[in-house]
Amino acid sequence: MRIAQKDLAPLLSRITDIRMAVFSSWPYLYDGNLDDEHKYLQHFTHDPESLVVGAFDGEALVGISTASRWETHPENLLSYLPGDWRAVPVTDILYLAESVLYEAYRGFGAGRAFFREREAFAREIGRRYVAFAAVVRDPNDPRRPIGYRDLVPWWRRLGYAPIPNALCEMEWKDHGRDKAHTHHLQVWMKEL
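Residues numbered from 1 in each chain as written. Predicted model: local features only at pLDDT ≥ 70, side-chain atom pairs only at ≥ 80, totals over all residues. Heavy atoms only, no water.

S.K.: Just to check I follow, could you spell out the side chain of Asp-174 for this structure?
M.R.: Mapped onto the secondary structure, Asp-174 falls in the loop between strand S5 (161-172) and strand S6 (181-191). In terms of polar contacts, Asp-174 uses its side chain to reach the side chain of Arg-137, at 3.2 Å. A distance of 3.3 Å separates the side chain of Asp-174 from the side chain of Arg-143, its partner in a polar contact. Setting aside its immediate chain neighbours within four residues, Asp-174 contacts Tyr-28, Leu-29, Asp-31, Arg-137, Arg-143, His-181 and His-183. (Helix = DSSP H or I, 4+ residues; strand = E, 2+ residues; numbered from the N terminus. Polar contact = N/O pair within 3.5 Å; in protein donor to acceptor, adjacent residues only side chain to side chain. Contact = heavy atoms within 4.5 Å.)

Put into structure tokens, the structure is as follows:
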């Protein structure tokens, strides 16, 4: 369900916990900190054309999904699109920032609901495209868990496709590393 901006403040600590727990595992392996998380989430508490969707087990928040206008996202994602995509007005794209859900709650429809809500929101604010960026990892990386289920086939079934040559770069510290380093993320897009 959509979480109104006025209701976000008391949930920020819980949202931070979920983000840090999920992003610490494969494929992100993010070794985050609370200050960075809180700064990042402020974007969603101030932009009226951003969205936070929550998955609940009773009163307990167990997952969140976010979206924001492409042009207001902290990273300059447009610069990573190949030339022909740069002709698309940034005001036509909604950025699907993340979907994070505790593992015990996966496989019951929350992920599909996250995409459905964000796509509906994109239409409501007049966006023609929805896009997200997914980290690219070597499938033979020894840190990849046995039995890990790749989301690529599922994203394709939902109508998303990777944009060729659209790899963005973001820095974060992996667990087990001394410092942050650059990661590549593939940009995926869908026309509504």
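Now, onward.
S.K.: Sorry if this is basic, but what is going on with helix H1 (residues 12-23) here?
M.R.: Along an α-helix, a turn takes 3.6 residues, which lines up residues three or four apart on a common side. The terminal C-alpha atoms of H1, which comprises twelve residues, lie 16 Å apart, in line with the 16 Å expected from a rise of 1.5 Å per residue. Of all the residues in H1, the buried ones are Leu-12, Ile-15, Thr-16, Ile-18, Arg-19, Val-22 and Phe-23. Taken around the axis of H1, the buried residues stretch over an arc of 165°, which confines them to a single face. For H1, the elements touching its buried residues are helix H2 (34-46), strand S1 (51-57), strand S2 (60-69) and strand S3 (93-101). (Expected span 1.5 Å × (residues − 1). Buried < 20%, exposed > 50% of the residue type's maximum accessible area, 1.4 Å probe, protein only. Arc of directions from axis to C-beta.)

S.K.: Help me understand a positive patch on the surface, please; the structure alone is not making it clear to me.
M.R.: Together, Arg-112, Arg-116, Arg-149 and Arg-157 line one region of the surface with positive charge. For Arg-149, the location among the structural elements is in the loop between strand S4 (129-135) and helix H4 (152-157). (Patch = residues over 30% accessible without salt bridge, like charges linked within 9 Å, V, L, I, M, F, W, Y side chains within 5 Å. Areas by Shrake-Rupley, 256 points an atom, 1.4 Å probe, with all protein chains shown as cover. Salt bridge = Lys/Arg side-chain N within 4 Å of Asp/Glu carboxyl O. Lys, Arg positive; Asp, Glu negative; His and termini not counted. Charge placed at Lys NZ, Arg CZ, Asp CG, Glu CD.)

S.K.: Looking at this model, I keep getting lost on the pattern of salt bridges. Mind explaining?
M.R.: Opposite charge on two side chains allows them to pair when their charged atoms are near. Evaluation of the coordinates by the stated rule reveals 14 salt bridges. The partner of Asp-174 in a salt bridge is Arg-137, and the shortest N-O contact between them spans 3.2 Å. You can see Asp-174 sitting in the loop between S5 and S6 and its partner Arg-137 sitting in the loop between S4 and H4, a full 37 residues away along the chain. No difference in accessibility class separates Asp-174 from Arg-137, as the two residues are buried.

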